[in-house]
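One-letter residues, chain by chain:
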Amino acid sequence: MKRKHLILVLPAIFVLTLFFGCHHKTKIGILMDNVSLERWQKDKELFEKRARDFNADVIIKVADSDAGKQLKQAEELINNGVDVLIVIPVDVVKSKEIVKKAHAANIPVISYDRLIKDSNVDYYISTDNISVGEMQADYISKISPVGNYVLITGPTTDNNAFLLHLGWLNVLQPYIDKGDIHVVIDEYTNFWLPDESYNIMKKYLDGGGKVDAVLAGNDALAQGAIMALKEYNYDGKVLVAGQDADVSAIRNIVAGVQTITVYKPIESLVYAAIDAAVKIANGQAPSNMNITVNNGKKLVPAILLKSQIVNRQNIKMTVISEGFITEKELK
Ligand code: GAL
């Protein structure tokens, strides 16, 4: 090419590169388990909001707690050409197929809130779930170091259910060994929903069982147990711990029928996940991966954030002051 032509063509190439280079919009695919629980509705809204901050496209698919459906949705997003996948797995084991399929298409995967086990998943962003269980058990056992304890965990398809249970026993085991605490119910549920915990609790109470404390994996499970306790007028007399700081749980705490919940920093979790996704999509390493978590196959680079206890005394200082819940919502 003649020099004169080059001088004309080069600026055009430069402009075109700038246009197409800068206008490749990051496309983030997000696979959610369900949005029937309040906490996941919050995550979903925040995913969308944070993606807008980066001018990134976000495609969210909700599996309605069906692992097969989630795999199909993963295939759709992979075919759609997303740059990166954020997955809240329905099933801790089956979701490794999602990682395999995404990797076959060179799409990195971030495991969000729940770990995908035995896979080459790229990153994990969550809270320290063992510590959540320990915090719940610690708080309740300090008030009641002796008595009948009901443990209702959550589904075995969710790794967090095991971690919470581990946290509970880390604290309770010495009391159990001494014979001070009796675990009268220790059950995993099929879903994180109240009807199962209601039935478990009701059956126990119908059989004349006595209970001093309930440790529940989330606020929905706590709510189910409270409903059964209420039928026997035991609500308010039994200690109850939940997780997620749902509005209904905070109301229960104000009413004195739930003792504590655990407040997860959902905004920070979402921001960490979207920020990491955008970086990965742009070929950069995500920041703040400050720990690794063994998923059975590899040490997964991870961010594990801290949660906090919400009790009757600190509602204003925690969930309200941080804008997680408004005072109006509590009325
Ligand atoms: C768990 C999560 C809990 C709760 C539950 C219900 O994986 O750690 O915070 O939200 O799911 O979906």
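The sections below set out a description of the structure shown in this document. Since this is a predicted model, take the numbers as computed values, not measurements. (Residues numbered from 1 in each chain as written. Predicted model: local features only at pLDDT ≥ 70, side-chain atom pairs only at ≥ 80, totals over all residues. Heavy atoms only, no water.)

1. As for the sheet that holds strand β8 (residues 213-216)
The four strands are arranged β7-β6-β8-β9 in an open sheet whose pairing can be described as parallel. On the outer flanks of this sheet lie β7 (181-187) and β9 (239-241), each paired with one strand and no other. For this sheet, the mean angle separating the axes of adjacent strands, direction not counted, is 15°. Helix α6 (residues 159-178) contacts β6 (147-152), β7 and β8 of the sheet and is inclined by roughly 165° relative to β6. (Pairing = 2+ DSSP bridges. Helix = DSSP H or I, 4+ residues; strand = E, 2+ residues; numbered from the N terminus. Axes fitted to C-alpha atoms, helices over the stretch in contact; angles between N-to-C directions. Contact = heavy atoms within 4.5 Å.)

2. Structural notes on the site of the ligand
Taken together, Leu37, Arg39, Trp40, Asp113, Arg114, Asp158, Asn160, Trp192, Asn218, Gln243, Asp244 and Lys264 make up the full set of residues adjacent to the ligand. Within the contact set of the ligand, an oxygen atom lies 3.2 Å away from a side-chain nitrogen or oxygen of Arg39. A distance of 2.6 Å is found between an oxygen atom of the ligand and a side-chain nitrogen or oxygen belonging to Trp40. The protein chains hide 100% of the 300 Å² of surface that the ligand would expose on its own. A molecule is said to occupy a pocket when more than half its atoms come within 2 Å of that pocket's grid points, and by this definition the ligand occupies the largest cavity. Taken together, the residues of the shell around the ligand sort by class into three nonpolar, three polar and six charged. (Near = heavy atom within 4 Å. Polar contact = N/O pair within 3.5 Å; in protein donor to acceptor, adjacent residues only side chain to side chain. Areas by Shrake-Rupley, 256 points an atom, 1.4 Å probe, with all protein chains shown as cover. 1 Å grid on protein atoms, 1.4 Å probe; cavity = no way out; pocket = protein on both sides within 12 Å on 5 of 7 lines; lining within 4 Å. Sits in = over half its atoms within 2 Å of the grid points. Nonpolar A, V, L, I, M, F, W, Y, C, P; charged D, E, K, R; others polar.)

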